[in-house]
Amino acid sequence: MTFGEKLKKLRHDNDLTQEQFAEKIFVTRTAVSKWETDNGYPSIDSLKEISNLFGVSIDDLISDADVENKKLLDDKIAKRFYYIAIAFWAWTVIFTSLTHFLKQPLFNIGSIIGVTAYIVCGILSKPKYQRLQARKRVVFYIISRLIMIAVIVGLITYTFVAI
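Predicted, not measured: the structure shown is a model, and the values here were computed from it. (Residues numbered from 1 in each chain as written. Predicted model: local features only at pLDDT ≥ 70, side-chain atom pairs only at ≥ 80, totals over all residues. Heavy atoms only, no water.)

**Thoughts on the overall build of the protein chain**
To be explicit about the condition: A run of H or I in DSSP counts as a helix once it spans at least four residues, and a run of E counts as a strand once it spans at least two, with each numbered from the N terminus. In this setup the radius of gyration rests on C-alpha atoms only. A globule is expected at 2.2 Å times the number of residues raised to 0.38. Contacts were defined at the residue level, with two residues in contact if any of their heavy atoms lie within 4.5 Å. Shrake-Rupley sampling with a 1.4 Å probe provides the accessible areas, and residues are treated as covered by the protein chains on show and by no other component.
Along the protein chain, the regular secondary structure elements total nine helices and zero strands. For the protein chain, the α and β elements follow one another from N to C terminus as α-α-α-α-α-α-α-α-α. Radius of gyration (C-alpha) of the protein chain: 22 Å, far over the 15 Å computed for a compact globule of 163 residues. With the C-alpha coordinates aligned to their principal axes, the bounding extent of the protein chain is approximately 70 × 35 × 25 Å. Across the protein chain, contacts joining residues at least 24 apart in sequence account for 63% of those joining residues at least 6 apart. Carbon together with sulfur atoms contributes 64% to the accessible area of the protein chain, which is approximately 10800 Å² in total.

Right under this line is the structure:
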């Protein structure tokens, strides 16, 4: 039984509507609907509230299958960001080429937007559970963030000097 099915059963057993349940644990009805259809999962704080409300342990609410489903959902979202990052990389190449061949430094603004969006989407293209693990390797994490900032600052500086 998935987390969503367990939650829906507990809610029905206690004669609560999604709206009433949402009010009791301080979330929106939409969030409850997402959880019950296994399209999302609650935060730790919400899990604690659910556990207290229904008098069940968090372990009973979440099984190994639920954790695996959460990872699959994170992987799916990360894949979307990967494709968006590739689109912004192409955007950056186009604007950089326009700047170079047309000798118009204002096109660098498009490059800056593209690089910034590429970096953000690139970071988000790694599933959340992997990003959290990467933060444990502090030195590499800090160095990668400094390089990203240096690239963006360099582009902005170049653009304003060229204008």
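**Remarks on helix H4 (residues 44-54)**
Inclusion rule: Accessibility here uses a 1.4 Å probe with only protein chains present; expressed as a share of the type maximum, an area under 20% marks a residue as buried, one over 50% as exposed, and anything in between as partly exposed. As used here, the arc belongs to the directions running from the helix axis to the C-beta atoms.
Considered for burial, the residues of H4 that qualify are Ser46, Leu47, Ile50, Ser51 and Phe54. The arc that holds every buried residue of H4, seen down its axis, measures 140°, which confines them to one face. Exposed side chains of H4 directed beyond 90 degrees from the buried face belong to Ile44, Asp45 and Asn52.

**Focus on the packing of aromatic side chains**
Put simply, the rule is: What counts as a ring pair is set by centres within 6.5 Å for rings of Phe, Tyr and Trp (its six-membered ring), and what kind of pair is set by the plane angle: stacked under 30 degrees, edge-to-face over 60, tilted for all other angles.
All told, the structure shown has six aromatic pairs when counted by the stated rule. With a centroid separation of 6.4 Å and 65° between ring planes, the pair formed by Phe88 and Trp91 is classed as edge-to-face. Here the residue Phe88 and the residue Trp91 both occupy positions in helix H6 (residues 64-102), the gap between them amounting to three residues, near one helical turn. For Phe88, a relative accessible area of 24% gives the class partly exposed. Here the aromatic residues Phe88, Trp91, Phe95 and Phe107 are joined through ring pairs into a cluster of three or more.

**Focus on the nonpolar core**
Counted only if it meets this: Residues enter a nonpolar core if they are buried and are Ala, Val, Leu, Ile, Met, Phe, Trp, Tyr or Cys, with the set joined through side-chain atoms within 4.5 Å.
Counting 15 residues, the largest nonpolar core has Phe3, Leu7, Phe21, Trp35, Ile50, Phe54 and Leu61 as the members making the most contacts within it. Listed by contribution, the elements that provide at least two residues to this core are helix H1 (3-13), helix H2 (18-25), helix H3 (29-36) and H4. By size, the runner-up hydrophobic cluster in this structure holds five residues, among which are Ile112, Val115, Ile119 and Leu155.

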